[in-house]
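Geometric and topological summary
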Amino acid sequence: MNFVDVSWTTIGSYAAYRRDGRVVTIRVVGAKTSAIGNIYIGTIPLKDCPAASIMGTALAWSASVANDKHIQINGLNQQNSGGVTILSAAANQEYTFQFTYQIYKREIKYGNSTKK
C-alpha cells in the first residue's frame, strides 16, 4: 500500500487532519458545547483511520487539567468508522489540541487471495 501525503483537510467545524506518510495528525481548535456531553468533531476518511479504535487526551484550554477529557477515533469495521469524538466534554469549556497516531500496512482479503 502506498501512503500518499494528505495536506491539512477540514473534517468538521472544529478540526482538520493531515497525513505525512503513515503519521496522521488531527488538529482541534475551539471545540465547545453548552452542556456536558460528547462533541462530534468529524470523520477521518477510511483510508486514514486506525485499524482499531483508539483514545487519547482532549486537552481543555485551561490552566487546570480538571476538564481534560478523552478523544476517541473509531477504527475500521467499527460503527461510525473514522468518527472523531470528544467524550463527556465539560459545559462551556473550549478544547484546543493536536492528536497524532500512526497507521499500519493493512491486508485486505479478496476470496482466497490477499492484497497488501
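Notes on the structure in this doc start here. Predicted, not measured: the structure shown is a model, and the values here were computed from it.

Looking at the environment of alanine 89
Tracing the sequence through the fold places alanine 89 in strand S7 (residues 83–89). In this structure the C-alpha to C-alpha distance between alanine 89 and isoleucine 36, which are 53 residues apart in sequence, comes to 5.6 Å. In this structure, alanine 89 is in contact with Thr33, Ala35, Ile36, Gly37, Asn38, Ile39, Lys69 and Tyr95, ignoring residues within four places of it in sequence.

Brief notes about the nonpolar core
Taken as a class, soluble globular proteins show a tendency for nonpolar side chains to be buried jointly. Core analysis: the largest hydrophobic core is formed by 25 residues, its most contacted members being Ile86 and Tyr95. Of all the secondary structure elements, the ones that give two or more residues to this core are strand S2 (15–20), strand S3 (23–31), strand S4 (37–43), strand S6 (69–73), S7 and strand S8 (95–102). Residues within four places of isoleucine 86 in sequence aside, it is in contact with Ala31, Gly37, Asn38, Ile39, Ile41, Ala58, Lys69, His70, Ile71, Tyr95 and Phe97.

Topic: the pairing of strand S1 (residues 6–10)
Here S1 pairs with S2 via three bridges, running antiparallel. Looking at S2, one finds that valine 6 is bridged to arginine 19. Connecting the antiparallel pair S1 and S2 is a turn made up of four residues.

A look at the sheet that holds S3
Two strands in a sheet stick together by hydrogen bonds in their backbones, pointing the same way (parallel) or opposite ways (antiparallel). Taken together, the four strands give an open sheet; going across it, the order is S1-S2-S3-S8, and neighbouring strands pair in antiparallel fashion. Each edge of the sheet is formed by a strand with only one pairing partner; in this case those strands are S1 and S8. Across the sheet, the mean angle from the axis of one strand to that of its neighbour is 15°, orientation sign disregarded. Two strands pair when backbone bridges link them, and S2 and S3 are joined in this way by six bridges, in the antiparallel orientation. Bridge pairing links tyrosine 17 to isoleucine 26 in S3.

A word on the environment of glutamine 98
Tracing the backbone shows glutamine 98 in strand S8. Sequence spacing of glutamine 98 and isoleucine 26 is 72 residues, and the spatial spacing of their C-alpha atoms is 5.5 Å. Not counting chain neighbours up to four residues away, the residues in contact with glutamine 98 comprise Trp8, Thr25, Ile26 and Arg27.

Parameters and conventions
- Residues numbered from 1 in each chain as written.
- Predicted model: local features only at pLDDT ≥ 70, side-chain atom pairs only at ≥ 80, totals over all residues.
- Heavy atoms only, no water.
- Helix = DSSP H or I, 4+ residues; strand = E, 2+ residues; numbered from the N terminus.
- Contact = heavy atoms within 4.5 Å.
- Core = buried A, V, L, I, M, F, W, Y, C linked by side-chain atoms within 4.5 Å.
- Buried < 20%, exposed > 50% of the residue type's maximum accessible area, 1.4 Å probe, protein only.
- Pairing = 2+ DSSP bridges.
- Axes fitted to C-alpha atoms, helices over the stretch in contact; angles between N-to-C directions.

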